[in-house]
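Understanding the architecture of this molecule
Each chain is listed here by its residues.
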Amino acid sequence: MDDNLESDPAMMLFSPEAADRPHVPYRYLLEKCPVARSDGGSVSGEPGGSVLISGFEDLHWAFKHPEYISSEEAVAIGNDRPLIPLQIDPPGHAKYRRLLDPQFSPKKMAALEPDFRVLVNQVIDTFIERGECDFHEDFATPIPSTFFLRLTGLPLTDLPVFLQWRDNIIRPDVAPGDFDAAAAIRADTGKQIYAYFESAFDEREAQRDDGLLSRLLDAEVEGMRLTREELLDICYLLIIAGLDTVTATLDCMIHRLATHPHERQRLVDDPSLSHAVVEELLRFETPVMVVARTVKQDVTLRDVELRAGDMVTMVIGAGNLDDVEFAHSDTVDFDRGRNRHLAFGAGPHRCLGSHLARLEVRVALEEWHRRIPNYRVADGADFHFSAGIRQANTLPLVFGDATS
Amino acid sequence: MKVWVDEAACQGHGRCYAFAPDVFEADDQGHSIVLKAEVTPEHEAGARAGAENCPERAITVTED
């Protein structure tokens, strides 16, 4: 790593090459500055100062103390109002989680497993005969987004529109550093998203279907139903979270298993290992490298003074490599008995979709390895992972014996 | 062995009842409920795994 980058921890973390080898900046942060003040920009890509929190214990504390480290003001992605429930801190947030958690509970998700397994196989059918695929484009992208549309009861023909919105919001196509252009794209996309869901809810007000949107219309907490604005603010967050993160997770995990055949072979030989593989690779790869917060009340962490209003970058990927919590943290160990990784966060804002994500990733790995036990990255493939949410731009794979 | 879940700390990660469905179960929101506070020997490993994989550290086991 060059000296320039080393001078600023955030620049190092958000540099174009960091997401390909994130353990390098993570180790640096853990060893040199587990709580660091930086002028090198924040997770949203905006310039300016932020505080990076990287140690496991500090992250754990921060996640559990939203009265100090808040997510209320932390992200601006074209939304007019706070995203629900992410940008509502306790106590207001509990009512939304009581309403939404049951829709995404492990029991509810388990009921979807057979249907999801069929979908995974249908997607594999589209390319298996070719003996190769672009894993990101052909598998990791369609699977979670198709399933999201089924879950919400929205037409599959709208998928390209959703993917375009996702890209506009998360990776707006602008010259590096052109924050005004990025904000303009996000604002315009935001308007389209609100308008789309307005009309989707209008349709379901008139006639309920069996999808999530209709269930949200009828959901009640403390005798109250959600207002139209609340419904829109929930959906805005759902499409960003539902379309992007599982794609990134699949990219990260298959890349790891493609390049570590002995780990892959263990899963092929013993499919029941899939649960452990998912948890350990969530820890080791941490597809969502960082999440954003802001300081709500002044607080001192490891001698660094955090002031109200400061941006905070929670470096979850570093926390998941902290030796304080994880024995032999640098080693992928599917037999790790204890694994309290923070890939889905912790505290009141624990990822609402974590049970859906776990189901999708586990079943996808099981079916993929049952049908395509041997594969490798295509020779000469040129691909990179994006910073923040580690998605590959392309991931060409060739099937067959790894040695062939 | 005894096991208990701190309800205020539990955030519904669901690791404990995935590891030990005979010791823990989920309420409608996905938060953990201890089925039997007194853990029988055949379920001790599961109770321990639940505690060791709780990201909130909401589960306590006491040997006695």
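Described below are features of the structure shown in this document. Everything quoted here is computed from the prediction, not taken from an experiment.

Helix and strand counts for chain B stand at 2 helices and 4 strands. Going from the N terminus to the C terminus, chain B shows its helices and strands as β-α-β-β-α-β. Based on the C-alpha atoms only, the size of chain B along its principal axes is roughly 30 × 20 × 15 Å. For chain B, buried positions account for 50% of its 64 residues.

The next thing to look at is empty space enclosed by the protein. Counted by the stated rule, this structure contains 3 cavities of 30 Å³ or more. Lining the largest cavity are 16 residues, with B:Cys10, B:His13, B:Gly14, B:Cys16 and B:Cys54 positioned closest to its centre. When its residues are assigned to classes, the lining of the largest cavity shows 7 nonpolar, 7 polar and 2 charged. As for the second largest cavity, its lining consists of A:Lys95, A:Leu99, A:Val221, A:Met224, A:Arg225, A:Leu226 and A:Glu230. Within the residue set of the lining of the second largest cavity, elements represented by two or more residues are helix 5 (93-100) and strand 6 (224-225) of chain A.

Bringing the state of the cysteines into the picture now. All names here are of chain B. A full pass over the atoms with the stated rule returns 0 disulfides over all chains. Just so you know, Cys16 is unpaired, no disulfide at all, and the nearest cysteine sulfur is the one on Cys10, 6.4 Å from it. The structure places no disulfide on Cys54, whose sulfur is separated from the nearest cysteine sulfur, that of Cys10, by 6.6 Å. Under the relative-accessibility criterion, Cys54 is labelled buried at 10%.

Attention now moves to the environment of A:Phe148. Residues and elements named next belong to chain A. Examined against the element boundaries, Phe148 turns out to sit in helix 9 (residues 142-152). When the C-alpha positions of Phe148 and Val120 are compared, they lie 13 Å apart, and in sequence the two are 28 residues distant. Filtering out sequence-adjacent residues up to four positions away, Phe148 remains in contact with Phe162, Leu238, Ile239, Gly242 and Leu243.

All right, on to the packing of aromatic side chains then. Residue and element names in this part refer to chain A. Summed over the entire model, instances satisfying the criterion amount to 19 aromatic pairs over all chains. When the ring of Phe116 is compared with that of Phe147, the centres are 4.7 Å apart and the planes differ by 65 degrees; the resulting orientation is edge-to-face. Highlighted residues: Phe116 in helix 7 (residues 113-125) and Phe147 in helix 9, separated in sequence by 31 residues. By relative accessible area, which is 2% here, Phe147 ends up buried. When the ring of Phe383 is compared with that of Phe385, the centres are 6.3 Å apart and the planes differ by 80 degrees; the resulting orientation is edge-to-face. Each member of the pair Phe383 and Phe385 is classed as buried. The rings of Phe127, Phe135, Phe139, Trp368, Tyr375 and Phe399 are connected pair by pair, giving a single aromatic cluster. Positioned over the ring face of Phe326 is Arg283, at 5.2 Å from the centre of the ring.

Between chain A and chain B, the residue contacts involve 25 residues of the former and 19 residues of the latter. Summed over both sides, the interface of chain A with chain B buries roughly 1,700 Å², with 39% coming from carbon and sulfur. Of all residues in chain A, A:His60, A:Arg340 and A:Arg350 give up the largest surface area on contact with chain B, accounting jointly for 27% of the area buried on that side. At the junction of chain A with chain B, the criterion picks out 4 salt bridges. Here A:Lys64 ties to B:Glu56 by a salt bridge, and the two come within 2.7 Å at their closest N and O atoms. Across the contact surface, chain A and chain B share 15 residue pairs in polar contact (both at pLDDT 80 or more).

Further remarks concern the pattern of salt bridges. Following the criterion strictly, the structure yields 47 salt bridges over all chains and no others. Among the salt bridges present, the one from B:Arg15 reaches A:Glu279, with a minimum N-O distance of 3.4 Å. In this pair, B:Arg15 is assigned in helix 1 (residues 15-19) and A:Glu279 in helix 15 (residues 274-285), connecting two distinct chains. In this structure B:Arg15 comes out as buried when scored by relative accessible area, which is 12%.

The element helix 3 (residues 23-32) of chain A is largely enclosed, with a buried count of 7 among its 10 residues. Taken together, the buried positions of helix 3 of chain A are occupied by A:His23, A:Pro25, A:Tyr26, A:Arg27, A:Tyr28, A:Leu29 and A:Leu30.

Further remarks concern the sheet that holds strand 2 (residues 50-53) of chain A. All names here are of chain A. Strand order in the open sheet made by the 5 strands is 1-2-10-7-3, with mixed pairing throughout. Strands with a single pairing partner mark the edges of an open sheet, and in this sheet they are strand 1 (35-38) and strand 3 (69-70). Pairing between strand 1 and strand 2: 4 bridges, direction antiparallel. Each residue of the ladder has a partner; that of Ser38, found in strand 2, is Ser50.

All names here are of chain A. With their axes 10 Å apart at the nearest point, helix 10 (residues 159-170) and helix 13 (residues 228-259) run at an angle of 90 degrees to one another. On the basis of their axis angle, the class for helix 10 and helix 13 is roughly perpendicular. Contacts between helix 10 and helix 13 involve Phe162, Trp165, Arg166, Ile169 and Ile170 on the former and, on the latter, Tyr236, Ile239, Ile240, Leu243, Asp244 and Thr247. A per-class count over the contact of helix 10 with helix 13 returns 8 nonpolar, 1 polar and 2 charged.

Calculation notes
- Within each chain, residues carry numbers counting from 1 in the order of the written sequence.
- Written order decides the labels, with chains lettered from A and ligands numbered from 1.
- For this predicted model, a pLDDT threshold of at least 70 governs which residues receive local features, and a threshold of 80 or more governs which side-chain atom pairs are given and counted, while totals over whole chains, interfaces and linings are taken from all residues.
- Calculation of side-chain values draws on the structure's entire complement of heavy atoms; hydrogens and water are dropped beforehand.
- Numbering of helices and strands runs from the N terminus; a helix is a DSSP stretch of H or I covering at least four residues, while a strand is a stretch of E covering at least two.
- For every residue, the accessible area (1.4 Å probe, protein chains only) is compared with the maximum for its type, and the residue is labelled buried under 20%, exposed over 50%, or partly exposed between those bounds.
- Lining residues are those with an atom within 4 Å of a point, where the points come from a 1 Å grid over the protein atoms alone and group into cavities, where a 1.4 Å probe fits but cannot get out, or pockets, open sets with protein on both sides within 12 Å along at least five of seven lines.
- Grid points are joined across faces, edges and corners, and a volume is the space filled by probe spheres set on the points.
- Each residue gets one label: Ala, Val, Leu, Ile, Met, Phe, Trp, Tyr, Cys and Pro are nonpolar, Asp, Glu, Lys and Arg are charged, and the others, such as Gly, are polar.
- What counts as a disulfide here is a pair of cysteine sulfur atoms lying within 2.5 Å.
- Note on contacts: a residue pair is in contact if any heavy atoms of the two residues lie within 4.5 Å.
- In this analysis, rings of Phe, Tyr and Trp, with Trp reduced to its six-membered ring, are considered paired at centre separations within 6.5 Å, and the interplanar angle assigns stacked below 30 degrees, edge-to-face beyond 60, and tilted for intermediate values.
- A ring has a charge above it when a Lys NZ or an Arg CZ is no more than 6 Å from the ring centre and no more than 35 degrees off the ring normal.
- The term buried area refers to how much accessible surface (probe radius 1.4 Å) is lost by two components on association, counted for both of them together.
- The term salt bridge refers to a side-chain nitrogen of Lys or Arg lying within 4 Å of a carboxyl oxygen of Asp or Glu.
- Here a polar contact is recorded for every N or O atom pair within 3.5 Å, except that within protein the pair must consist of a potential hydrogen donor and a potential acceptor, and residues adjacent in sequence are included only if both atoms are side-chain atoms.
- Two strands form a pair only when DSSP identifies at least two bridges running between them.
- To get an axis, fit a line to the C-alpha atoms, keeping to the stretch in contact for a helix; angles then go from 0 to 180 degrees between the N-to-C directions.
- In what follows, roughly perpendicular refers to angles from 65 to 115 degrees, roughly parallel to angles under 35, roughly antiparallel to angles over 145, and oblique to any angle outside these ranges.

These values are about where atoms sit, not about what they do.
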